[in-house]
Number of protein chains: 4
Amino acid sequence: MKQKLIDASIHLFDEKGFTETSVQDIAGEIKVTKGTFYYYFKSKQELLRDIHLNYIGYLLSQQDEIINDTSRDSRNKLHDTVFMLIHSIRNRRKSARIFFREMRNLAPEYLEQNMEKRDLFRKNVQGIVEEGVRKGCFQEDLNTDMITRGILGVANWSYYWFNPEGDVSDEELTNIYLEMILNGINKK
Amino acid sequence: MKQKLIDASIHLFDEKGFTETSVQDIAGEIKVTKGTFYYYFKSKQELLRDIHLNYIGYLLSQQDEIINDTSRDSRNKLHDTVFMLIHSIRNRRKSARIFFREMRNLAPEYLEQNMEKRDLFRKNVQGIVEEGVRKGCFQEDLNTDMITRGILGVANWSYYWFNPEGDVSDEELTNIYLEMILNGINKK
Amino acid sequence: MKQKLIDASIHLFDEKGFTETSVQDIAGEIKVTKGTFYYYFKSKQELLRDIHLNYIGYLLSQQDEIINDTSRDSRNKLHDTVFMLIHSIRNRRKSARIFFREMRNLAPEYLEQNMEKRDLFRKNVQGIVEEGVRKGCFQEDLNTDMITRGILGVANWSYYWFNPEGDVSDEELTNIYLEMILNGINKK
Amino acid sequence: MKQKLIDASIHLFDEKGFTETSVQDIAGEIKVTKGTFYYYFKSKQELLRDIHLNYIGYLLSQQDEIINDTSRDSRNKLHDTVFMLIHSIRNRRKSARIFFREMRNLAPEYLEQNMEKRDLFRKNVQGIVEEGVRKGCFQEDLNTDMITRGILGVANWSYYWFNPEGDVSDEELTNIYLEMILNGINKK
DNA sequence: GATGAATGAGGCTTCATTCAT
DNA sequence: CATGAATGAAGCCTCATTCAT
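Residues numbered from 1 in each chain as written. Chains lettered and ligands numbered in written order. Predicted model: local features only at pLDDT ≥ 70, side-chain atom pairs only at ≥ 80, totals over all residues. Heavy atoms only, no water.

1. Comments concerning the interface of chain B and chain A
Size of an interface: often given as the accessible area lost when the parts come together. The interface of chain B with chain A comprises 45 residues on the first partner and 45 residues on the second. Surface buried jointly by chain B and chain A totals about 4,100 Å² across both partners, of which 59% is contributed by carbon and sulfur atoms. When the buried area of chain B at its contact with chain A is split by residue, Arg-104, Trp-157 and Ile-185 of chain B rank highest and sum to 20% of it. At the boundary of chain B with chain A, the tally comes to two salt bridges. Put simply, Arg-104 of chain B and Glu-102 of chain A hold a salt bridge, and the shortest N to O gap is 3.8 Å. (Contact = heavy atoms within 4.5 Å. Buried area = accessible area lost by both parts, 1.4 Å probe. Salt bridge = Lys/Arg side-chain N within 4 Å of Asp/Glu carboxyl O.)

Set out below in structure tokens:
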């Protein structure tokens, strides 16, 4: 029941927004009453927090595996990171969009936690880039902070338009982007 | 007065969100009464629509100049586009974020107009990329649609973190991104 | 201009009701601004009062002529009264309906005036009936109060449905009603 | 609770009018909060509709019994109809006045339903009159439509002034009116 | 005479939340 | 576990009215 409520909320929060979705909407979606909602959640905000924690937790655990895979070099790890993000669109897109869009609606305490984890994720990606620089994969004079943010921009933005069921698969899109990031679009 | 109301709303919508900002908040921000608000706007939605139309109108007019500047080649036009976007952060960041985040809250009719114009902007950028391919600037086998979306991802994402007053200027950031997009980060 | 405002209000008050008609509606109807309205009337209520006074004044003056016409007997005077009311539908219907329906919205002081005049009108009709009884035109044991109210019911009710442009003219309707009131519908 | 809300509204709508009565007034009347009102009614209009449907439903069901009573002739049925209406003043006066006065405030769809039922009621009374003509009770050349409207005028108008607790009882008033309608007031 | 700007009060409605059962 | 009833705060919007020009 709790999971059903969470799933319903994720759907509705993504579609209409957190504030625009009422507890009634959520309960109605799975045919229970508001009372039931409050049996499982202390408040609407607590539910939002759960969604956020779950999403960022998932992201960090996935990232953990990528970073600690000693069999892959920096380029591969960058590839794996972008692929992980784009691949997640299939079942995490809604959570991701809620994550980015509804941060504001978290209580300040949770917001801070949230931002820390988000920064951690980004810093970890930056770590991959810096490793690549150190190991001579990437150019020496990169502004790794800006580059990392650019790479994440490419990947994150795809949450707003990419259709995993369309002509281009997630693997293909990852390859297109990695090729651009690594080698650029200039004619050689 | 109308402009003061618009400015106050842009500030508040960006900070707290459209739904989370009450007409009272807006009126209070500039020390007038709600009645005054409704003297200038038929509804809160109409104000949001005005903000959207103004922003996308600005974007398209800037793009127009870039596209029609015959003295610049495709690479330059791409540079100009990215620079225009990043440079606009200084005074259009809030509008831009509202534009992307509060689309949902537009009436369906305006939403459609909005999406059309947004698509037009993207297609125009894609036009620059395709021109570059045709003229031999860029690689022949580019998936121009995906690449364009990637480029816009890099630029748009910066609206969420870039601080024009920080260490890196808008010109520098544009150069960093154009270098990545054109030549990649791989060590040559 | 004042008369144009009055005419527009009568139309709108009848159509939508006093409270449901805004000063804006009235001003808009004749393409002036609210300010203009307040140049001619101290308040919306004052306008309503004017409409009421005008209507009841008209009624009483018409009644005055009927009562004082010494050439007509009680039956004729009753006929003239009913005819006057039904005939007035053509150009006074709206005022009349406002008169009956919007009394509540008058300030208490005007309401009282209003009811007094209304009662006076009714008492005058009752006077005609009583004269008829005294003079032997009408039955002796009539409850003249109730009968008068019944007669007025017949006439007043027609304001809600009678169409002077329809098959039955105001003269004909008056005759039909007078015949019923005087002789009944029973087969003789 | 729902019934208490309805009763309170009927009282207030009659006294002050639908538009002039706020939901706050209704809730306050029975010492609950506005929230409670909206727990039971989707809107103020829905409540008005309920009142209308209830009233006209009552009227039609009463009429049904009268029409189908084969033991009564046309004169009796006319009597029963007028008595039913006047007798209902005691506990339906307010509903009735709301019914006639607040039609405008119904949503168009309900308004239409309403008018149909109202017309049906009138047509049914007209049926009684026509039956009387056919059976030789009433005069042959009656304009049954106009006469019916006149009879209803007499009865309906009494809702605006008749006091069932006064000197004249509802039975007596009915007799007075039936006598006038059937035999007229002329001295024989 | 007429207008446009501004106000403030009040109305309808939604909604997160609580609580007894 | 789950419900139904009730609350109270807050939000959007309308409107009569005032006033300086």
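2. Comments concerning the packing of helix H1 (residues 2–16) of chain A against helix H5 (residues 74–101) of chain A
Helix-helix packing is described using two parameters, namely the angle between the two axes and the distance between the axes. All names here are of chain A. Between H1 and H5, the least distance of the axes is 9 Å, while the angle of their chain directions is 55°. With respect to H5, the element H1 is oriented oblique. Relative to H5, H1 is oriented so that their crossing is left-handed. Each of Ile-10, His-11, Phe-13 and Asp-14 in H1 lies in contact with H5, whose residues at this interface are Lys-94, Ser-95, Arg-97, Ile-98 and Arg-101. (Axes fitted to C-alpha atoms, helices over the stretch in contact; angles between N-to-C directions. Helix = DSSP H or I, 4+ residues; strand = E, 2+ residues; numbered from the N terminus. Parallel < 35°, antiparallel > 145°, perpendicular 65-115°, else oblique. Left-handed = near helix turned anticlockwise from the far one by under 90°.)

3. Observations concerning the UniProt feature "domain: HTH tetR-type" (unreviewed entry) in chain A
Under the present numbering, the feature "domain: HTH tetR-type" (unreviewed entry) in UniProt falls on residues 1–59 of chain A. What you have in residues 1–59 of chain A is 76% helix and 0% strand, and the ends, taken at the C-alpha atoms, are 25 Å apart. (UniProt positions renumbered as here; feature names shortened; annotations may be inferred.)

4. Points about the interface of chain D and chain C
Taken together, the contact pairs 45 residues of chain D with 45 residues of chain C. Buried surface at the junction of chain D and chain C, summed over both partners, amounts to about 4,100 Å²; 59% is from carbon and sulfur atoms. The largest share of the area that chain D buries against chain C comes from Arg-104, Trp-157 and Ile-185 of chain D, three residues that together contribute 20% of it. For the pair chain D and chain C, the number of links is two salt bridges.

5. Describing the protein's contact with DNA strand E
Contacts to DNA strand E come from 30 residues, most closely from Thr-36, Tyr-39 and Tyr-40 of chain B together with Thr-36 and Tyr-40 of chain C. Between DNA strand E and the protein, one listed contact pairs a phosphate oxygen with a side-chain N or O atom of Thr-36 of chain C at 2.4 Å. With respect to DNA strand E, the side chain of Tyr-38 of chain D contributes an N or O atom lying 2.6 Å from a phosphate oxygen. Its residues assigned to classes, the surface near DNA strand E comprises 12 nonpolar, 12 polar and six charged. (Near = heavy atom within 4 Å. Polar contact = N/O pair within 3.5 Å; in protein donor to acceptor, adjacent residues only side chain to side chain. Nonpolar A, V, L, I, M, F, W, Y, C, P; charged D, E, K, R; others polar.)

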